[in-house]
Amino acid sequence: MEEIIEKQIADAIDKFDENSICKENADSVIRELSPFLKYAEETGCLCIQGVGLFFSKLSMGHYYSGDNGMAITTISKGITQIEKTYQKYDESSKKNFLKRYYYQMSELYFKKGWYFSHGTPPKMKKASDAFRNHVYYGMLYCALSVYNFDFYAFYPTKDYHIDDLKNYRISLSNPSTFNDPVDCPIFEWLEQQIKTGNHPMIVELMKSIYSDIRIRCFVRNTSFPSLQELSPESLSIEEYGNMLMWSHYADSHRGYCIKYRLPQEFFNTANENGLVLFLAPVSYGSAMNVLKSNLSVQEGLFSKHKSWDYEQEMRLIYFDKDETSDSYHKVPMLDGMITDIYFGVHCKESDKLRIIEALRGKKVQYHQMEVDPEHLYSLKEVPIDPSTYERKEQLYGG
């Protein structure tokens with residue numbers, strides 16, 4: 001009997017495409033799906049994807065029939081049911097269904113925010129909370145389990161960068177401060193939505209929420225491997241020798257480069273505490289249409305023009321669904337995350353001393369970058385002993 005009912009539910013779900021649900025067929029959607037509501041809640045017979053589709057389509061039927069309150073109630077039940085469905089799985093199944101769980105939660109929270117923002121009157125605070133959950137679960141969906149790989153970042157010798165070394169932390173920036181104005185296409189897409197008058201209240205909310213994301217960019221001189229090829233020991237990279245990175249990001253070789261090794265314990269991708277911290281690779285392309293109606297998180301935050309592909313960039317992303325962020329979010333590092341420091345060809349002696357003193361007591365290897373006379377357009381690194389850098393007045397002349 002149960003198998004027959006489950007087949008009937010699946011058939012009812014398949015009758016309607018979400019993109020085609022509208023005022024004209026809203027009553028039909030409700031008539032087909034609502035008889036199964038109690039059964040779906042009490043038996044937990046549907047898989048995660050089935051739960052998401054059932055409650056999503058039923059809520060849309062209520063919304064387009066003019067009953068926004070019932071749409072909110074239905075989508076809230078769907079979110080609760082997805083949680084229950086996921087929690088009943090064993091640990092092995094949870095791993096297998098984790099991405100689907102995050103995806104469906106993100107989708108349902110978006111609809112919940114939509115319904116709150118279209119109420120009479122609109123409930124914008126509740127809409128904002130729902131949209132923040134939408135972004136949060138969208139972030140978790142994009143997160144990779146990547147750790148113990150080496151990544152590099154280039155810096156000028158600004159006081160605030162040295163202060164981060166002293167306090168052993170990584171600062172993540174507001175993407176609006178990046179040097180490429182379309183570095184994160186999500187913001188240009190939102191601007192276009194505003195210009196076309198496409199649901200301006202929702203767009204402003206989403207713009208505010210995405211502005212709370214913080215990013216630190218790392219680079220590699222080889223593309224990141226596929227998930228099937230993940231093996232830190234199999235890759236040997238020397239990004240510290242990248243001439244363009246030194247010129248663009250390290251004050252024309254007057255700055256320094258940090259080699260990081262990021263352990264598993266540093267990240268937060270476990271759906272805990274309402275925040276997420278993860279790495280994901282940037283993809284590169286020759287075109288991006290921001291006039292289209294939808295833009296995925298991957299397209300919006302991890303896409304750049306192919307002219308930047310020499311960076312082979314990985315992005316460290318931070319987002320807290322319960323709090324807004326300062327301009328820079330500072331994440332404490334774990335011991336051993338900085339393995340090497342490379343000083344630029346034109347880095348001042350006084351700046352080298354400041355960096356070495358900031359990291360005194362840490363196990364770090366130091367290197368001086370030099371022009372390779374045998375390969376004039378290349379750089380080579382020369383190991384240096386940090387103990388030779390003592391506080392002497394003559395060093396400050398650089």
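For the structure itself, consult the block above.
Let us look at the structure shown here. (Residues numbered from 1 in each chain as written. Predicted model: local features only at pLDDT ≥ 70, side-chain atom pairs only at ≥ 80, totals over all residues. Heavy atoms only, no water.)

1. Here we look at the overall build of the chain
So, point 1. Within the chain, the secondary structure is distributed over 13 helices and 12 strands.
So, point 2. With the C-alpha coordinates of the chain rotated into their principal frame, the extents come out at 85 × 45 × 35 Å.
So, point 3. Burial analysis of the chain (398 residues in total) assigns 49% to the buried set.
So, point 4. Looking at the chain alone, contacts between residues at least 24 apart form 76% of all its contacts between residues at least 6 apart.
So, point 5. Accessible surface computed for the chain: about 19,900 Å², of which carbon and sulfur atoms make up 49%. (Helix = DSSP H or I, 4+ residues; strand = E, 2+ residues; numbered from the N terminus. Buried < 20%, exposed > 50% of the residue type's maximum accessible area, 1.4 Å probe, protein only. Contact = heavy atoms within 4.5 Å. Areas by Shrake-Rupley, 256 points an atom, 1.4 Å probe, with all protein chains shown as cover.)

2. Quick look at the nonpolar core
In summary, soluble globular proteins display a tendency toward joint burial of nonpolar side chains.
So, point 1. Core analysis: the biggest nonpolar cluster contains 69 residues, and Phe-54, Met-139, Ile-186, Tyr-210, Ile-213, Phe-278 and Leu-301 have the highest contact counts within it.
So, point 2. Per-element accounting of this core gives the leading share, 9 residues, to helix α7 (residues 124-142).
So, point 3. Apart from the residues within four sequence positions on either side, Ile-213 is in contact with Val-135, Met-139, Ser-173, Asn-174, Pro-175, Leu-301, Ile-317, Tyr-318 and Phe-319.
So, point 4. In terms of nonpolar packing, the next biggest core, distinct from the first, is built from 37 residues, Ala-153, Leu-275, Leu-359 and Tyr-366 among them. (Core = buried A, V, L, I, M, F, W, Y, C linked by side-chain atoms within 4.5 Å.)

3. Section: the packing of helix α4 (residues 48-64) against helix α5 (residues 68-87)
So, point 1. Axis separation between α4 and α5 bottoms out at 8 Å; the angle between their running directions is 175 degrees. The pairing of α4 with α5 is recorded here as roughly antiparallel in orientation. Taking contact as the criterion, the partners of Ile-48, Val-51, Gly-52, Phe-55, Ser-56, Leu-58, Ser-59, His-62 and Tyr-63 in α4 are, on α5, Asn-68, Met-70, Ala-71, Thr-74, Ile-75, Lys-77, Gly-78, Gln-81, Ile-82, Thr-85 and Tyr-86.
So, point 2. Grouping the amino acids of the contact of α4 with α5 by side-chain chemistry returns 10 nonpolar, 9 polar and 1 charged. (Axes fitted to C-alpha atoms, helices over the stretch in contact; angles between N-to-C directions. Parallel < 35°, antiparallel > 145°, perpendicular 65-115°, else oblique. Nonpolar A, V, L, I, M, F, W, Y, C, P; charged D, E, K, R; others polar.)

4. Quick word on unusual backbone geometry
So, point 1. Geometrically, the link from Thr-120 to Pro-121 is a cis peptide bond, its omega value of 0 degrees lying close to zero.
So, point 2. By the secondary structure assignment, Pro-121 is in the loop between α6 (91-117) and α7.
So, point 3. In the Ramachandran plot, His-253 falls in the positive-phi region, its phi being about 75 degrees despite a non-glycine side chain.
So, point 4. Along the chain, His-253 turns up in the loop between α11 (243-249) and β4 (256-261).
So, point 5. One non-glycine residue with positive phi stands out, namely Gln-312, at about 45 degrees.

5. Notes on the side chain of Asp-320
So, point 1. Tracing the chain through its elements places Asp-320 in strand β8 (residues 314-320).
So, point 2. The side chain of Asp-320 sits in the buried core without any salt bridge; Arg-132 is the nearest counter-charge, 6.1 Å away.
So, point 3. In terms of polar contacts, Asp-320 uses its side chain to reach the backbone amide nitrogen of Asp-322, at 2.9 Å. (Lys, Arg positive; Asp, Glu negative; His and termini not counted. Salt bridge = Lys/Arg side-chain N within 4 Å of Asp/Glu carboxyl O. Polar contact = N/O pair within 3.5 Å; in protein donor to acceptor, adjacent residues only side chain to side chain.)

6. Here we look at the packing of α6 against α7
So, point 1. Here α6 crosses α7 at 160 degrees, and the two axes come no closer than 7 Å. Considering the angle they form, α6 stands roughly antiparallel to α7. In this structure, α6 crosses over α7, and the sense of that crossing is left-handed.
So, point 2. A breakdown of the residues in the contact of α6 with α7 according to their chemical character gives 16 nonpolar, 6 polar and 3 charged. (Left-handed = near helix turned anticlockwise from the far one by under 90°.)

7. With respect to the sheet that holds strand β10 (residues 338-343)
Pairing between the strands of a sheet comes from backbone hydrogen bonds, and it takes one of two forms, parallel or antiparallel.
So, point 1. Read from one edge to the other, the open sheet built from 5 strands follows the order β1-β4-β10-β11-β12, with strand pairing classed as mixed. Two strands in the sheet have a free side with no partner beyond their single neighbour: β1 (150-155) and β12 (379-384). Here the average twist between neighbouring strands, direction ignored, is 25 degrees.
So, point 2. Examined bridge by bridge, β1 and β4 share 6 bridges and lie antiparallel to one another. Across the sheet, the residue bridging to Ala-153 is Ile-258, located in β4.
So, point 3. Packing of helix α8 (residues 159-166) onto the sheet brings it into contact with β1, β4 and β10, and relative to β4 it is tilted by some 35 degrees. (Pairing = 2+ DSSP bridges.)

8. Some details on the pattern of salt bridges
So, point 1. With the rule as written, the count across this model stands at 24 salt bridges.
So, point 2. As a salt-bridge pair, Lys-94 and Glu-91 come within 3.8 Å of each other at their nearest N and O atoms. Here the residue Lys-94 and the residue Glu-91 both occupy positions in helix α6, the gap between them amounting to 3 residues, near one helical turn.
So, point 3. Assessed through its relative accessible area of 14%, Lys-94 is described here as buried.
So, point 4. Residue Glu-91 is classed as exposed on the basis of its relative accessible area, which comes to 55%.

9. Re a nonpolar patch on the surface
So, point 1. A contiguous nonpolar surface patch, about 370 Å² in accessible area, is contributed by Val-371, Leu-376 and Tyr-377.
So, point 2. For Leu-376, the location among the structural elements is in the loop between β11 (365-371) and β12.
So, point 3. Note on Leu-376: relative accessible area 56%, which makes it exposed. (Patch = residues over 30% accessible without salt bridge, like charges linked within 9 Å, V, L, I, M, F, W, Y side chains within 5 Å.)

10. Looking at the side chain of Gln-368
So, point 1. As for its placement among the helices and strands, Gln-368 is situated in strand β11.
So, point 2. We classify Gln-368 as buried; its relative accessible area is 9%.
So, point 3. Among the polar contacts made by the side chain of Gln-368, one reaches the main-chain carbonyl oxygen of Phe-343 at a distance of 3.5 Å.
So, point 4. Polar contacts involving the side chain of Gln-368 include one to the main-chain carbonyl oxygen of Gly-344, which spans 3.0 Å.
So, point 5. Apart from the residues lying within four places of it in its own chain, the contact partners of Gln-368 are Phe-343, Gly-344, Val-345, Lys-352, Lys-380, Glu-381, Val-382 and Ile-384.

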